Amino acid sequence: MRNSFFRSMNMIKELLAPAGDVEAGYAALFYGADAVYLGLQRFSARATAVNFDEPNLNAFVGYAHSLTPRRKVYVAINTLVQEQELPDLMASLDICVRCHVDGVIVQDLGVAKIVRDYYPELELHASTQMAVHNKEGALALKKFGFKRVVLARELSAAEIDDITSIPDLEIEAFIHGALCYSYSGLCLFSSMETGRSANRGKCLYPCRACFKGEEGDKHYFSMKDMALEKDVLKMSAYSLKIEGRKKSALYVAAVTDFYRRILDGKGVDQNRAENIKQIFSRPWCSFHFKEHTKNVVDRDFVGHRGLPVGKILRVLKKSFVFTPNHVIARHDGLQIDVAGDEKPFGFSLQKLRSNGKNVFEAKAGQMVEVGLPPKSPELHVGDMVYLASASVVKASYPYLKPKFADVLQKRPINVQVDVSVERLTACSDGISVDVDGEFSTAQNLDKIYAAAYAAFDKTGDTPFILSNFVLNNPDNLFVPVSKLNDLRRKLYEKLPETTYQPRELSPILPRKKSISTWLLKTDQLSVVKAINLDEVDEVIFMLSAKTIPEDLSFIPQEKLRLALPTVCRQTKIFEKLICDFVSRGYKKWEIGNVWPLPLLSSMTVDISFDNSLYTLNSYAIAAASEFGASRISLSFEDTMDNLSALIHHSSLPVVLPLYSDVPLFTSAVCLRSGDCKTCTHGEKWISLSKDGVSYQALSRDCQIFMFDNRAFAFVPDMAQSLAPDFYRVDFMYKPYSPEQAKLLWNKLRRFEPLKNVLFGNLERGKI
């Protein structure tokens, strides 16, 4: 076992490693992880990982807890949960309790409420999918009962410092691994376009694809990997998280080892860094931790390339010549950037020559000729060569794995054995078994007790471990070991594996539904002025930092609800704005993230939840009510069956989004060409396309919103059959002329079908 396993318990930081399977979990612990996070077979945001079943989780937690110092295991139950899935969710949480995990990571507010109310022994951790990006959001979740918050990856060191100043709240932040172009939890791209939701762990990563844009065919949204390296020492968060539940045990071992050494004061080991890049790596960046920069996207290539080891010097008929800056050997994997191909050309190195001789290995600085496989693409002088896999690295990270039976957590049992002249009786947990016999006086009572204890201590492959043993032998009788073993077998066969009783949810009582009314949501005053407000029960207007009360004075105050941006990196500006509007009598507000709650909850106001505060089950709606919401908006990516269930069983009034330009993602990564220093930060629309589908990206105030050219809309008969409390029509983000808005409003009010629209998952029936 490694010496790092026996570090002092007074650790300042927690190094948190991923485990997509059992092997990765044991590799993480062996190479110095203080904690491991993993998923079960259901409700994991990495649904395509192998994940853990109950026996493997039981053994893994048992092993982690047996180490010195004790390691922790967190289970990610971090997807959105639909109403009919709540019983399966309870089964997953029951597994977590039975296996004694140290915490659960959740996205769904309904799951959070269930954990808090029904499983108080489980620590609540807020997933990065909740898009917590400021101090206010973290405070809101702390008040709800969260012990830890996993921050959005987009934050700077200063922003993280601000959030970590909250007392009695653990902060977790990413230090290494894959990045999403969108804020996690605010991406609907895969869901709306393919039916595979990132919020359900099924993302198909359409952002990694090649798009046609203003700079030609590029991977405009394909992020580099985060790698803080030595800057991890500047991270103020308590838990330092490595991404990678879909990565191999080898990768997990290498990355965990790399950061363990840095945290233990041994510095950055460049050889170990090169090992990571060879095992799996996109180009590295520190994202926005040190500064806001554009150099975080790899527009030209996608996927794993490996460690750069040199450039082609000469191209021959069936080979090429280059001078590697790193050791290479036969059977290593090489990859080469090929102009015009989005992925590098890769092959296994079978022929290697140096100085006219075949060699098995070439050292750094040694010019070599590399044989190419048949049907290789055309290569050119200057093409970059990468080492994508190496046998020597694969052998560099061995790890120990315990025997399954040795670490399986067993149920402690208390056993009492009573001895009489004609019978032995054993009792445990109210269960009793007998063995008949004729027992004579014993000569050595100490030996009788020792033999009886030893017999019942042999729990073997049973799920039990002997905790307390009592022998009642008032007549001092001798009992043969064979009889004791027979008695033990009978008792252990009869005992239940667990006394744990699965927990059951109490149903959430629905409220009486009202007659459907109409809402208009927009960020454009011209749209409001174009529509007859007598037909609108409420106008929801999205505030910007520049909005002033006088702009909205033409709208009756009782008909106006003010919406706040989902992502707010300038909370002081908006806090002042909120206070100004509230002081003028504006009492109705809408939020798409929990960050405004600490301020709004201190005021006498009416708060509604927008779509991005996802409510896909009745407990999520109940949680919204507990947060102070007066109504909720249903998710754009939900299915008809679930929408119907929620509308008819909701404990709060329900808003159905009838028409909307749905943001496929919300990003802090700039899409514009040019330098940030010369940017005006004004509104700019950028056209993109992929596979015949056209998109529009809005760049505004250092945020990017991506849209399909087609708006999302309900099929009219579907919308009418659902009969929600409110129908909502959105004219947001995209510019609508007054005439266009009025025409669409009238059609939607009459439930007329619209052409060339998106139906999302309404017709697919699943997400």
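Quick caveat, the model's predicted, so the values are computed rather than measured. (Residues numbered from 1 in each chain as written. Predicted model: local features only at pLDDT ≥ 70, side-chain atom pairs only at ≥ 80, totals over all residues. Heavy atoms only, no water.)

Across its full length, the protein chain carries 20 helices and 39 strands. When the backbone C-alpha atoms are referred to their principal axes, the protein chain occupies close to 105 × 85 × 45 Å. The buried share of the protein chain, taken over its 767 residues, is 57%. Of note, the protein chain has its 95 positive side-chain charges centred 5 Å away from the centre of its 90 negative side-chain charges. (Helix = DSSP H or I, 4+ residues; strand = E, 2+ residues; numbered from the N terminus. Buried < 20%, exposed > 50% of the residue type's maximum accessible area, 1.4 Å probe, protein only. Lys, Arg positive; Asp, Glu negative; His and termini not counted. Charge placed at Lys NZ, Arg CZ, Asp CG, Glu CD.)

This next bit is on the sheet that holds strand E16 (residues 333-336). Spatial strand order, E17-E16-E22-E13-E14-E21-E18-E19: eight strands in an open sheet with antiparallel pairing. The strands lining the two open edges of the sheet, one partner per strand, are strand E17 (345-348) and strand E19 (357-358). Of the pairings in the sheet, the one linking strand E13 (residues 307-315) to strand E22 (residues 384-389) comprises four bridges and is antiparallel in character. Its bridge partner being in E22, Leu307 is matched across the sheet by Leu387. On top of the sheet, helix H9 (residues 270-279) reaches E13 and E22; it is set at about 90° to E22, its chief contact. (Pairing = 2+ DSSP bridges. Contact = heavy atoms within 4.5 Å. Axes fitted to C-alpha atoms, helices over the stretch in contact; angles between N-to-C directions.)

This part takes up the packing of aromatic side chains. In total, this model carries 42 aromatic pairs according to the counting rule given. Ring geometry for Phe189 and Phe211: centres 6.3 Å apart, planes at 40°, overall tilted. In this pair, Phe189 sits in helix H7 (residues 189-194) while Phe211 sits in strand E8 (residues 211-213), placing the two residues 22 residues apart along the sequence. Overall, the relative accessible area of 1% leaves Phe189 in the buried class. Look at Tyr449 and Tyr453: their rings are 6.4 Å apart centre to centre, the planes differ by 20°, and that puts the pair in the stacked class. With Tyr449 and Tyr453 both in helix H12 (residues 445-457) and four residues apart, this pair spans about one turn of that helix. Cluster of aromatic residues (ring-pair linked, three or more members): Tyr181, Phe189, Phe211, Phe221, Phe665 and Tyr695. The ring of Phe43 has Arg42 sitting right over it, with the charged end atom 4.6 Å from the ring centre. Sitting over the face of the ring of Trp284, Lys277 holds its NZ or CZ atom 4.6 Å from the ring centroid. (Phe/Tyr/Trp six-rings, centres within 6.5 Å; stacked < 30°, edge-to-face > 60°. Lys NZ or Arg CZ within 6 Å of the ring centre and 35° of its normal.)

This part takes up the side chain of Lys113. Tracing the chain through its elements places Lys113 in helix H4 (residues 109-118). By relative accessible area, which is 11% here, Lys113 ends up buried. Contacts of Lys113, omitting those with residues within four sequence positions, involve Phe144, Tyr619, Ala622, Ala623 and Glu626.

Right, let's get into unusual backbone geometry. Following Thr68, the chain continues to Pro69 via a peptide bond in cis, the omega torsion being -5°. When you line up the elements, Pro69 lands in the loop between helix H2 (54-66) and strand E3 (72-77). With a phi angle near 55°, Asn476 is a residue other than glycine that sits in the positive phi range. Summarising the element assignment, Asn476 is placed in the loop between strand E26 (464-472) and helix H13 (481-494). For Asn476, a relative accessible area of 32% corresponds to the partly exposed category. A positive phi is found at Asp691, a non-glycine position, where the angle reads about 50°.

For the coordinates displayed, the defined rule picks out 50 salt bridges. Between Arg503 and Glu121 there is a salt bridge, and its shortest N-O distance comes to 2.6 Å. Of this pair, Arg503 sits in the loop between H13 and strand E27 (517-522) while Glu121 is found in the loop between H4 and strand E5 (124-126), placing the two residues 382 residues apart along the sequence. We note a salt bridge from Lys290 to Asp231, for which the minimum N-O separation is 3.2 Å. Pair noted here: Lys290 is in the loop between strand E12 (284-285) and E13 and Asp231 is in the loop between strand E10 (225-227) and strand E11 (239-242), with a separation of 59 residues, a long-range link. One network of salt bridges, in which partners are shared, links Glu14, Arg148, Glu170, Glu172 and Lys241. (Salt bridge = Lys/Arg side-chain N within 4 Å of Asp/Glu carboxyl O.)

All right, on to the side chain of Glu538 then. Locating Glu538 in the fold gives a position in strand E28 (residues 538-542). Separated by 2.9 Å, the side chains of Glu538 and Lys588 make a polar contact. Within the local environment of Glu538, its side chain forms a polar contact with the side chain of Arg631, the two groups lying 2.5 Å apart. Sequence-distant contacts of Glu538, that is, excluding residues within four places in its chain, are made with Trp518, Leu519, Leu520, Lys559, Arg561, Lys588 and Arg631. (Polar contact = N/O pair within 3.5 Å; in protein donor to acceptor, adjacent residues only side chain to side chain.)

Mean pLDDT over the protein chain: 95, with 99% of residues reaching 70 or higher. Contacts for the low-pLDDT stretch residues 1-11, under 50 throughout, to residues beyond four places or in other chains number 30 contacts. (pLDDT = per-residue confidence, 0-100.)

This part covers the sheet that holds strand E24 (residues 423-428). One open sheet accounts for four strands, arranged E25-E24-E23-E26; its pairing is mixed. Every other strand in the sheet has two partners, leaving strand E25 (431-436) and E26 as the edge strands with one partner each. Pairs of neighbouring strands in the sheet enclose a mean axial angle of 20°, with direction left out of account. The pairing of E24 with E25 spans six bridges and is antiparallel. Of the residues in E25, the one forming a bridge with Ala426 is Val433. Contacts between H12 and the sheet are confined to strand E23 (411-419), E24 and E26, with E26 contributing the most and set at about 155° to the helix.

Turning our attention to the environment of Arg200. Counting through the fold element by element, Arg200 comes out in the loop between H7 and E8. Using a relative accessible area of 10% as the deciding quantity, one classes Arg200 as buried. The spatial distance from the C-alpha of Arg200 to the C-alpha of Gln570 is 30 Å, given a sequence separation of 370 residues. Not counting residues within four places of it along the chain, the set of residues in contact with Arg200 comprises Ser44, Ala47, Thr79, Leu80, Val81, Gln82, Glu85 and Ile767.

Nonpolar side chains in soluble globular proteins generally cluster together in the buried interior. Ranked by internal contacts, the top residues of the largest apolar core, which has 217 residues, are Leu57 and Phe714. Here the element with the most residues in this core is helix H8 (residues 249-263); it accounts for nine residues. Discounting chain neighbours no more than four positions away, the residues touching Leu57 are Leu38, Leu40, Phe52, Val73, Val75, Ile95, Cys99 and Val101. Among the nonpolar cores identified, the runner-up in size contains 23 residues, and Phe439, Ala455, Phe456 and Leu466 belong to it. (Core = buried A, V, L, I, M, F, W, Y, C linked by side-chain atoms within 4.5 Å.)

Here the focus is the packing of helix H1 (residues 22-30) against H8. For any two helices packed against each other, the geometry is given by the interaxial angle and the distance between the axes. One way to put it is that H1 packs onto H8 with a least axis distance of 8 Å and a crossing angle of 20°. The angle between H1 and H8 places the two elements in the roughly parallel class. The crossing of H1 and H8 is right-handed. Note on element contacts: H8 touches H1 through Ala249, Val252, Ala253 and Thr256, opposite Glu23, Ala24, Ala27 and Ala28. Class assignment for the residues of the contact of H1 with H8 results in six nonpolar, one polar and one charged. (Parallel < 35°, antiparallel > 145°, perpendicular 65-115°, else oblique. Left-handed = near helix turned anticlockwise from the far one by under 90°. Nonpolar A, V, L, I, M, F, W, Y, C, P; charged D, E, K, R; others polar.)

In this section: the environment of Lys559. Within the secondary structure, Lys559 sits in the loop between E28 and strand E29 (560-563). It is 9.5 Å that separates the C-alpha atoms of Lys559 and Leu519, two residues lying 40 residues apart in sequence. Those residues in contact with Lys559 that sit more than four places away from it in its chain are Leu533, Asp534, Val536, Asp537, Glu538, Val539 and Lys588.

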